[in-house]
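# Results of the structural survey
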Amino acid sequence: MIRITVTSVFVDDQSAALDFYTRVLGFEVKNDIPLGGDDRWLTVVSPAAPDGVELLLEPSGHPAVGPYKAALVEDGIPATSFGVDDIQAEFERLTALGVRFVQPPTDMGPVVVATLDDTCGNLIQIAQMKG
Amino acid sequence: MAADVYKALADATRRAILDELQDRDGQSLFELCTRLTMRHGLGSTRQAVSQHLEVLEEVGLVTVRREGRYKFHHLDTGPLRQIATRWPVPDQGESP
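Please read all numbers here as calculations on a predicted model, not as lab measurements.

Our next topic: the overall build of chain A. Helix and strand counts for chain A stand at 3 helices and 8 strands. For chain A, the succession of helices and strands along the chain, N to C, is β-α-β-β-β-α-β-α-β-β-β. For 131 residues, the compact-globule estimate of 2.2 N^0.38 gives 14 Å, and chain A sits close to it at 15 Å. Projected onto its principal axes, the C-alpha positions of chain A cover 45 × 35 × 35 Å.

Okay, here's the thing in structure tokens:
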């Protein structure tokens, strides 16, 4: 059986990303392995699933990454999506920490979604499934 | 007048875009696409929605604001004033 074990987002600065994804969003470091140069194999997991899917905070060094990320951000397209239990509470908690939301919690039928800026060149969607 | 506000309004998807901007002003293309799909059952492609927005921009019903790396769409109902000027609505006293 094939499984999803790692997924990734390109981050402008891995150290800044580590701070944002752990201290602000609330993930925990799973792997932090030097790769040569300043690049690291840096992954985080949710405290709710420490052995679950790892999110790789991937360096943005490749020249194609900058234009790709800029085009997605301009059109408001999230790089990925995370699940939350209470989106209104997360919106208020993260806003209090200074996080910029480009879309506040919005009812989209079966799901309520919001979109935030991860300060590392990406928009991230958070989603709460209803009922 | 080069741009025709009537033609711009004569499309259900473009009217839905205006409805959603009325609900919340200042949306990204992605948010508008999501709302059209999830709230109106309109499966328009991103390219199609982008073209609809261009038509609305041409007649001034939508304005685009760039803020840093973001691009937001705003509703401007100003061009609709010409409709009420051309065909005035009788005052009914109490609001309907």
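On to the sheet that holds strand E3 (residues 39-45) of chain A, then. The strands making up a sheet associate through backbone hydrogen bonding, with each pair oriented either parallel or antiparallel. All names here are of chain A. An order of E1-E4-E3-E2 is seen for the 4 strands of this open sheet, with the pairing classed as mixed. The sheet is open, and its two borders are formed by strand E1 (6-11) and strand E2 (28-36), each paired with just one other strand. Each strand axis lies, on average, 25° off the axis of its neighbour in the sheet, ignoring direction. Strands in contact with helix H1 (residues 14-24) are E1, E2, E3 and strand E4 (54-59); relative to E3, the strand with the most contacts, it is inclined by about 5°.

Further remarks concern the domain arrangement of chain A. All names here are of chain A. As assigned here, chain A comprises domain 1 (1-62) and domain 2 (75-131). The C-alpha-based centres of domain 1 and domain 2 are spaced at 19 Å. On the domain 2 side, the residues contacting the 12 residues of domain 1 number 15 residues. Between domain 1 and domain 2 lies a buried interface of about 1,000 Å² when both sides are counted; carbon and sulfur atoms form 67% of it. When the buried area of domain 1 at its contact with domain 2 is split by residue, Phe-20, Val-24 and Leu-25 rank highest and sum to 43% of it.

With that out of the way, let us pick up the interface of chain B and chain A. Taken together, the contact pairs 16 residues of chain B with 19 residues of chain A. The junction of chain B with chain A conceals about 1,600 Å² of combined surface from both sides, 54% of it contributed by carbon and sulfur atoms. When residues of chain B are sorted by the area they lose upon contact with chain A, Phe30(B), Arg69(B) and Tyr70(B) head the list and together hold 39% of the total. Counting across the interface, chain B meets chain A through 3 salt bridges. For Arg69(B), the salt bridge identified is with Asp117(A), shortest N-O distance 3.5 Å. For the interface between chain B and chain A, the tally reads 7 residue pairs in polar contact (both at pLDDT 80 or more). At the level of elements, helix H3 (29-40), strand E1 (62-67) and strand E2 (70-75) of chain B are the ones that each hand at least two residues to the side of chain B that touches chain A.

What follows covers the pattern of salt bridges. It is possible for side chains bearing opposite charge to pair when their charged atoms get close. Inspection of the entire model under this criterion finds 16 salt bridges over all chains. A salt bridge links Arg100(A) to Glu67(B); the shortest N-O distance between them is 2.7 Å. One end of the pair, Arg100(A), is in the loop between helix H3 (87-96) and strand E6 (101-107); the other, Glu67(B), is in strand E1, on a second chain. Two residues, Glu31(B) and Arg24(B), come together in a salt bridge whose shortest N-O distance is 2.7 Å. Taken individually, Glu31(B) and Arg24(B) each receive the classification buried, so the pair is uniform in this respect. By sharing partners, the salt bridges in this structure join Glu20(B), Asp23(B), Arg24(B), Glu31(B), Arg35(B) and Arg39(B) into a single network.

With that settled, consider the packing of aromatic side chains. Residue and element names in this part refer to chain A. Following the criterion strictly, the structure yields 6 aromatic pairs over all chains and no others. Ring plane angle 75° and centroid distance 5.7 Å describe the contact between Phe-20 and Tyr-21, whose orientation is recorded as edge-to-face. Tyr-21 shares its class with Phe-20; the two are buried. Centre to centre, the rings of Phe-27 and Phe-82 are 5.1 Å apart; their planes meet at 75°, and the pair counts as edge-to-face. Of this pair, Phe-27 sits in the loop between H1 and E2 while Phe-82 sits in strand E5 (residues 80-83), placing them 55 residues apart in sequence. Overall, Phe-82 belongs to the buried group, its relative accessible area being 15%.

Let us look at the environment of Phe27(A). All names here are of chain A. The exposure class assigned to Phe-27 is buried, which follows from its relative accessible area of 17%. Sequence separation between Phe-27 and Leu-57 is 30 residues, and the spatial gap between their C-alpha atoms is 12 Å. Excluding residues that lie within four positions of it along the chain, Phe-27 makes contacts with Tyr-21, Thr-22, Val-44, Val-45, Ser-46, Pro-47 and Phe-82.

Residues and elements named next belong to chain A. Restricting attention to buried positions, one finds in H1 the residues Gln-14, Ala-17, Leu-18, Phe-20, Tyr-21 and Val-24. Taking the backbone nitrogen of Ser-15 as reference, a side-chain oxygen 2.9 Å away marks Asp-13 as the first, capping residue of H1. Directly beyond the C-terminal end of H1, a positive phi value near 105° is found at Gly-26.

About the cut-offs
- Residues numbered from 1 in each chain as written.
- Chains lettered and ligands numbered in written order.
- Predicted model: local features only at pLDDT ≥ 70, side-chain atom pairs only at ≥ 80, totals over all residues.
- Heavy atoms only, no water.
- Helix = DSSP H or I, 4+ residues; strand = E, 2+ residues; numbered from the N terminus.
- Rg over C-alpha atoms; globule rule 2.2 N^0.38 Å.
- Pairing = 2+ DSSP bridges.
- Axes fitted to C-alpha atoms, helices over the stretch in contact; angles between N-to-C directions.
- Contact = heavy atoms within 4.5 Å.
- Domains from an automatic or database assignment.
- Buried area = accessible area lost by both parts, 1.4 Å probe.
- Salt bridge = Lys/Arg side-chain N within 4 Å of Asp/Glu carboxyl O.
- Polar contact = N/O pair within 3.5 Å; in protein donor to acceptor, adjacent residues only side chain to side chain.
- Buried < 20%, exposed > 50% of the residue type's maximum accessible area, 1.4 Å probe, protein only.
- Phe/Tyr/Trp six-rings, centres within 6.5 Å; stacked < 30°, edge-to-face > 60°.

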